[in-house]
Structure formats: structure tokens, C-alpha cells
2 protein chains.
Amino acid sequence: MDKLFLEDLSVGQTAETSRPVGAADIDAFAAVSGDTNPVHVDEAYAATTSFGGRIAHGMLAASYISAALGTKLPGPGAVYVSQSLKFRRPVKIGDEVTTRVTVKTIDERRGFVTLDTVCQVGGKAVVDGEAMVIVPRRGA
Amino acid sequence: MDKLFLEDLSVGQTAETSRPVGAADIDAFAAVSGDTNPVHVDEAYAATTSFGGRIAHGMLAASYISAALGTKLPGPGAVYVSQSLKFRRPVKIGDEVTTRVTVKTIDERRGFVTLDTVCQVGGKAVVDGEAMVIVPRRGA
């Protein structure tokens, strides 16, 4: 697991993860969050909606952004300050979600770093937004 | 599970959920998200940080907002458009997280509804922000 300090970061630096979304992931997310909205957990109900079948929680894809930040860039030690999220397209069972975080701005004095954050399926954004984290200096 | 239509909503309408956060919840969230940052899953490491012990993923608390929207207000049928999140304080093992969503604005013509969203522990905000959802009209 990477652990980067403020001095290790530069604008444009990027990290990527990829995860398939299975029915079991959606069920596990429903259990841990309490979000048992039937569009996520009830195939018969979901089939009657405009989605045509079960979709993942948007916040499940968002959790992959948290994972990319917390394990890849900047990795452990960074403190999550804020995240904006736009839910652009549904994630369906069997979709492979690629999550990319890219350093956008670095406030060297205060340690605030913003990153563009996007989850994609088949090259199209499903969730995107911006993260802000505080990144410690080496030896601080 | 409530299922409210646009006509059922009014500004100031509110719904609340409450969930205790256990170590098992943090482990489950780490597994489903892939966010295995040791501040969440490794007590020995987390004890060396400024938090003094394991903390929950901020996005776990955020998932309770998704749950309140998806199961309470407006409930199933609403489509999540966006969410802003500020991570204000850590959530620790044993904390009881109360999540409240409150209707802030209603765009009657387009069906867009914004809600204030806040997760609290002991009366203090741990995560807050604003949600936007699209809510269908009855019979639409």
C-alpha cells in the first residue's frame, strides 16, 4: 500500500483501481449501509423500473473513490476533508468499474490537495466529482 | 418502506435513522469497497495516528445518507443526482450515528428536490452536505 507525503505529490499524478460489481457486492453494501431500496436488492421490483433490473448503489461506486484515495493516492495518512459526487449513469450487475483519482491542485502551505475523481464503466463516467484531502509532510 | 411522490413532499419535511457502528461494520465496508486503509482496519497502526484507534470510513457514514434517502425520504423511486459531503469529525467504534435528511428545495416543474443531509454523533455533525434527487410525480 502506497503512503505518499505532500512532497511526493504533483499536479496530474494519477492512480487507478478496477473492480467488478457482483450481486453479492450490492447485497453486502445494502447490509452494511442499511440501504435496502428495492431497486438495489429486489430483482422483481427493479425489473419494473426504468433501469430494467437491479442497479448498484451510487454510493458503492463512490466507496471505490474512498478506496483509491485511502490505499493508492495519496494512501494512508491522508485525511478526507470533502467529496462531491454526481451520479451520472447506473452501474449494473457484472459491470467493471474503473476508478481514477488525479491530483488537481496542491496547497503546499496548508497541505490541502484536491483530486478529480471518476468511476467509469466502458469508458463512460458513472460517478464523478472532486475530493479534498489533507496530506502530511514527510517527518511532520 | 416509504415511497413518496413529488406531491407528498414539502420544504422542511424530515426523516431520521440511527445505527451503531461496530468493528464488524467497518470490516464489512472495507471488504465491499476495497478501502483497506489501515486507519480503518488495523488497530495497532490506527493507535499510532492522531485518531488514537480505528475510525470508520467517512463514506460508511455517507452510505447512511443514501439509506435514509432510499428507504425513508423520498424512498424508492427517487433517483440520486448528486451529493456533497464534508467529513467533519471521525466516527469511532461504538458510536451511534444519527442521520437526518430534510427537504430544502423543491423544483415542482422538473421534479428536482434538494435535501440537507447530516450524520451526527452525540449531537455533533460527523458528515454533512446536500443531496439532490429526482422525484417522480404520482401516476407519472
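Residues numbered from 1 in each chain as written. Chains lettered and ligands numbered in written order. Predicted model: local features only at pLDDT ≥ 70, side-chain atom pairs only at ≥ 80, totals over all residues. Heavy atoms only, no water.

Geometry of a packed helix pair, given as the angle between the helix axes and the separation of the axes. Two elements in contact, helix 4 (residues 58–71) of chain A and helix 4 (residues 58–71) of chain B, have axes whose closest approach is 10 Å; the angle formed by their N-to-C orientations is 165°. Regarding the angle of helix 4 of chain A to helix 4 of chain B, the classification is roughly antiparallel. For the pair helix 4 of chain A and helix 4 of chain B, the crossing hand works out as right-handed. Contacts between helix 4 of chain A and helix 4 of chain B pair M59, A62, S63 and S66 of chain A from the former with M59, A62, S63 and S66 of chain B from the latter. Classifying every residue of the contact of helix 4 of chain A with helix 4 of chain B gives four nonpolar, four polar and no charged. (Axes fitted to C-alpha atoms, helices over the stretch in contact; angles between N-to-C directions. Helix = DSSP H or I, 4+ residues; strand = E, 2+ residues; numbered from the N terminus. Parallel < 35°, antiparallel > 145°, perpendicular 65-115°, else oblique. Left-handed = near helix turned anticlockwise from the far one by under 90°. Contact = heavy atoms within 4.5 Å. Nonpolar A, V, L, I, M, F, W, Y, C, P; charged D, E, K, R; others polar.)

As a further point, take helix 4 of chain A. If you check helix 4 of chain A, its first and last C-alpha atoms are 20 Å apart, about what 14 residues at 1.5 Å a residue would give, namely 20 Å. When you tally the buried positions in helix 4 of chain A, you get 13 out of 14 residues, the bulk of the element. (Expected span 1.5 Å × (residues − 1). Buried < 20%, exposed > 50% of the residue type's maximum accessible area, 1.4 Å probe, protein only.)

Time to look at the relation of the copies chain B and chain A. The two copies are related by a screw motion: chain B maps onto chain A through a turn of 180° and a shift of 0.0 Å along the axis, at an RMSD of 0.0 Å. Such a combination of turn and shift is consistent with a two-fold rotation axis. The C-alpha atom lying nearest the rotation axis in chain B is that of S84 of chain B; the distance is 2.2 Å. The fraction of interface residues of chain B whose copies in chain A are also interface residues reaches 100%, indicating that both copies meet through the same surface. (Least-squares fit on C-alpha atoms with pLDDT ≥ 70 in both.)

The next point concerns the UniProt feature "domain: MaoC-like" (unreviewed entry) in chain A. The UniProt record annotates "domain: MaoC-like" (unreviewed entry) at residues 15–110 of chain A. This span, residues 15–110 of chain A, is 34% helix and 28% strand, and a straight line between its end C-alpha atoms measures 23 Å. (UniProt positions renumbered as here; feature names shortened; annotations may be inferred.)

On to the sheet that holds strand 5 (residues 124–134) of chain A. Within the open sheet, the 10 strands sit side by side as 1(A)-3(A)-4(A)-5(A)-2(A)-2(B)-5(B)-4(B)-3(B)-1(B). Their pairing is antiparallel. For this open sheet the edge positions go to strand 1 (14–20) of chain A together with strand 1 (14–20) of chain B, each flanked by a neighbour on one side alone. In this sheet, neighbouring strand axes are inclined to one another by 20° on average, regardless of whether the strands run parallel or antiparallel. Taken together, the six bridges between strand 2 (residues 79–87) of chain B and strand 5 (residues 124–134) of chain B define a ladder with antiparallel strand orientation. Across the sheet, the residue bridging to K86 of chain B is D128 of chain B, located in strand 5 of chain B. Seen against the sheet, helix 4 of chain B touches strand 2 (79–87) of chain A together with strand 1, strand 2, strand 3 (96–107), strand 4 (112–121) and strand 5 of chain B and runs at an angle of roughly 145° to strand 2 of chain B. (Pairing = 2+ DSSP bridges.)

Turning to the pattern of salt bridges, a few remarks are in order. Using the criterion set out here, one finds 12 salt bridges over all chains in the structure. Here the residues in one salt-bridge network are K104, D116 and E130 of chain A, joined through shared partners. (Salt bridge = Lys/Arg side-chain N within 4 Å of Asp/Glu carboxyl O.)

Residue and element names in this part refer to chain B. Along the polypeptide, T17 turns up in strand 1. Overall, T17 belongs to the buried group, its relative accessible area being 18%. Leaving out residues up to four positions away in the same chain, T17 has contacts with A68, K72, V97, T98 and T99.

Residues and elements named next belong to chain B. By the bridge criterion, 10 bridges tie strand 4 to strand 5 in an arrangement that is antiparallel. Of the residues in strand 5, the one forming a bridge with V118 is D128. Counting the residues in the hairpin turn of strand 4 and strand 5 gives two residues, including G122, whose phi is positive at 60°.

Turning our attention to the pairing of strand 3 of chain B. The side chains of a regular strand alternate between both faces of the sheet. Residue and element names in this part refer to chain B. Across seven bridges, the pairing between strand 1 and strand 3 is antiparallel. Considered in strand 3, the bridge of P20 is made with E96. With nine bridges connecting them, strand 3 and strand 4 associate as antiparallel partners. Following the sheet pairing, V103 is matched in strand 4 by L115. Linking strand 3 back to strand 4 in an antiparallel pair, the connection comprises four residues, with G111 at a positive phi of about 85°.

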